[in-house]
Amino acid sequence: MRRFAILFALLQLSIINYQLSIIHAQPVMEIIRQHPAYSSCNYDIYPDSVPNNLTPAPAGKKPFYISHYGRHGSRYISNRTGYDMPYKMMLQAESVDELTPIGKKVLQEMKAIMGDSEDRWGELTYIGAQQHRQIARRMIERFPEVFEGAANVSARSTIVPRCMVSMSYALMELARINPQLHITMESTKRTQHYMNFQDPVLRKGYMTPEARKAYDAYVAPRTGNSRLMEMIFKNPDIVKEIVDETFFNYYLMKMGLFILNTHMKTETFLLSLFQTEELYRMWQIDNALWYIQHGACKLNGGRQPYTQRHLLRQLIADADSCILLDRPGAQLRFGHETVILPLVCLIGINGYDLSTGNLDELEKRGWWCSSVFPMGANVQFIFYRSSPKDKDVLVKVLLNEQEARLPIPTHSAPYYHWSDVRRYCLNKLEQYKE
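Treat the numbers as computed from the prediction; the structure is a model and nothing was measured.

A word on the packing of aromatic side chains. Under the definition given, this model contains 13 aromatic pairs. Taken together, a centroid distance of 6.2 Å and an interplanar angle of 70° make the contact between Tyr83 and Trp121 edge-to-face. Remark: Trp121 occurs in the loop between helix H4 (101-117) and helix H5 (126-142) and Tyr83 occurs in helix H3 (residues 81-95); sequence separation between them is 38 residues. Note on Tyr83: relative accessible area 2%, which makes it buried. Ring geometry for Tyr280 against Trp283: centres 6.4 Å apart, planes inclined by 10°, an arrangement best described as stacked. You can see Tyr280 and its partner Trp283 sitting in helix H12 (residues 276-294), 3 residues apart, about one turn around the helix. Considered together, Tyr280 and Trp283 belong to a single accessibility category, that of buried residues. Of note, Arg222 hangs over the ring of Tyr218, and the distance from its end group to the ring centre comes to 3.8 Å. Its end group placed over the ring of Phe64, Arg385 keeps NZ or CZ at 3.8 Å from the ring centre.

Our focus in this paragraph is the pairing of strand E2 (residues 152-157). Burial along E2 is one-sided: the residues Val153, Ala155 and Ser157 are buried and none of Asn152, Ser154 and Arg156 is. Pairing geometry for E2 and strand E3 (residues 182-187), over 6 bridges, is parallel. Each residue of the ladder has a partner; that of Ala155, found in E3, is Met185. Taken together, E2, helix H6 (residues 161-177) and E3 constitute a β-α-β crossover, and its handedness is right-handed. Direction of pairing for E2 relative to strand E4 (residues 329-335): parallel, over a ladder of 5 bridges. Looking across to E4, one finds that Arg156 is bridged to Arg333.

All right, on to the nonpolar core then. Counting residues in hydrophobic clusters, the biggest one holds 108 residues, and the most contacted among them are Ile232, Phe233, Phe248, Leu252, Leu273, Trp367 and Phe383. It is H12 that provides the largest number of residues to this core, a total of 9 residues. Those residues in contact with Leu273 that sit more than four places away from it in its chain are Ile102, Val106, Arg227, Leu228, Met231, Ile232, Leu252 and Glu278. Residues Ile66, Leu174, Leu398 and Tyr415 belong to the second largest nonpolar core, which totals 23 residues.

The subject of this paragraph is the side chain of Ser67. As for its placement among the helices and strands, Ser67 is situated in strand E1 (residues 62-71). Exposure remark for Ser67: the relative accessible area of 2% places this residue in the buried category. Only 2.9 Å separates the side chain of Ser67 from the side chain of Arg333, close enough to count as a polar contact. The contacts of Ser67, once residues within four sequence positions are left out, are Leu315, Gln331, Arg333, Val379, Gln380, Phe381 and Phe383.

This next bit is on the confidence of the model for the protein chain. Mean pLDDT over the protein chain stands at 93; residues scoring 70 or higher make up 94%. Within the model, pLDDT remains below 50 along residues 1-23, and this stretch shows 16 contacts once partners closer than five positions in the same chain are excluded.

The N-to-C vectors of H5 and H6 enclose an angle of 40°; their axes lie 8 Å apart at closest approach. In terms of orientation, H5 lies oblique with respect to H6. The handedness of the crossing between H5 and H6 is right-handed. Between H5 and H6, the contacting residues are Ala129, His132, Arg133, Ala136, Arg137 and Ile140 on the first element and Ser166, Tyr169, Ala170, Met172, Glu173, Leu174, Arg176 and Ile177 on the second. Split by residue class, the contact of H5 with H6 holds 8 nonpolar, 2 polar and 4 charged.

On to the environment of His132. Within the element layout of this structure, His132 appears in helix H5. Residue class for His132 comes out buried when judged on its relative accessible area of 3%. Each C-alpha atom, one on His132 and one on Ala170, is 5.1 Å from the other, the two residues being 38 residues apart in sequence. Setting aside residues up to four positions removed in sequence, His132 forms contacts with Arg71, His72, Gly73, Ser166, Ala170, Phe334 and Gly376.

Rules used throughout
- Residues numbered from 1 in each chain as written.
- Predicted model: local features only at pLDDT ≥ 70, side-chain atom pairs only at ≥ 80, totals over all residues.
- Heavy atoms only, no water.
- Phe/Tyr/Trp six-rings, centres within 6.5 Å; stacked < 30°, edge-to-face > 60°.
- Helix = DSSP H or I, 4+ residues; strand = E, 2+ residues; numbered from the N terminus.
- Buried < 20%, exposed > 50% of the residue type's maximum accessible area, 1.4 Å probe, protein only.
- Lys NZ or Arg CZ within 6 Å of the ring centre and 35° of its normal.
- Pairing = 2+ DSSP bridges.
- Right-handed = clockwise from strand over helix to strand, strands pointing away.
- Core = buried A, V, L, I, M, F, W, Y, C linked by side-chain atoms within 4.5 Å.
- Contact = heavy atoms within 4.5 Å.
- Polar contact = N/O pair within 3.5 Å; in protein donor to acceptor, adjacent residues only side chain to side chain.
- pLDDT = per-residue confidence, 0-100.
- Axes fitted to C-alpha atoms, helices over the stretch in contact; angles between N-to-C directions.
- Parallel < 35°, antiparallel > 145°, perpendicular 65-115°, else oblique.
- Left-handed = near helix turned anticlockwise from the far one by under 90°.
- Nonpolar A, V, L, I, M, F, W, Y, C, P; charged D, E, K, R; others polar.

Below, the structure written as structure tokens:
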């Protein structure tokens with residue numbers, strides 16, 4: 001009987017793998033053609049609506065606790081450096097009368113964007129606020145049992161203002177829907193060791209000589225854009241002394257994509273300057289870099305996901321404590337993409353624990369960072385049981401509100417026994433030596 005159960009669980013896991021392969025059957029370039037913002041990776045915008053196609057829980061099981069970590073919503077660019085690079089190049093070209101009519105229009109657009117962003121660097125935008133209201137609303141609508149009556153909702157954020165404001169908008173929406181909720185929130189340096197831990201040792205050593213060699217070789221055929229140069233500058237060969245083609249193409253493209261997170265998204269034509277293939281090449285470059293920085297990349301030892309070992313231990317400890325309560329409610333955490341991506345890789349959600357030294361494999365094997373951490377990205381752990389006395393607690397993981405798979409056998413996918421998930425995660429953490 002036990003052998004049959006194991007075989008059945010493995011069959012379920014293979015079915016989920018197959019389903020995920022179908023999701024990734026659509027080429028990235030086609031996704032970008034339909035949704036250009038996908039090419040901007042961590043600058044992508046969270047969707048306004050999410051399919052409500054959740055799998056019913058096993059008989060008798062009901063949601064009773066939610067553990068969540070979410071990224072802040074859409075924001076202004078963190079600092080002016082990313083905008084300054086192409087902007088200053090354009091100003092220099094203008095000073096020597098080297099801008100075409102299109103180039104002059106681009107410069108005017110850039111001036112408007114710079115003016116709108118000044119003294120707002122890194123701030124949450126209206127779009128970001130709405131994202132968190134919508135995510136919170138869907139959470140309480142999907143799992144009403146967790147938020148019934150005077151349920152407890154404990155929230156905390158990092159000490160970065162955009163995260164604090166994101167938390168506030170989410171909690172405002174929950175309180176609007178159910179004014180009886182008992183809500184607490186905090187933002188303190190005392191929790192930064194797991195809420196936003198950026199391991200100095202691992203961060204410093206991610207770009208090993210081996211990784212640098214592979215990355216440079218991967219990037220080389222994907223940089224530059226002579227077509228763009230000819231469109232914007234009268235004499236591209238002459239302005240090469242003041243305009244670096246590679247940097248200009250990359251950062252102007254980023255400016256056009258980033259502005260989609262602000263109220264100016266309908267007031268700029270920058271994105272129309274670029275062809276789908278050009279956006280796709282930039283996505284490939286960024287995706288490879290994000291993998292080296294945060295994935296289980298063999299080129300640097302595959303240890304980067306362990307930057308979030310403290311958070312994963314905290315998630316386990318919090319869950320263990322809350323499971324003992326009759327009505328634990330929800331624990332919501334608000335932070336950053338540089339936490340969510342390595343956390344997803346560390347747990348192995350949806351195959352993001354992929355370990356390879358071949359950057360050309362990332363795309364075909366479904367390691368697409370844009371699918372993990374758009375603005376407002378979130379991981380939700382939904383816990384189920386039949387009653388407080390039920391020891392067989394199940395957990396379902398949602399990545400950006402969609403059911404995800406774990407590298408753990410189960411007979412009731414996408415539901416997993418918490419005891420199995422807990423054991424797997426602790427064993428994974430034990431493999432890392434400080």
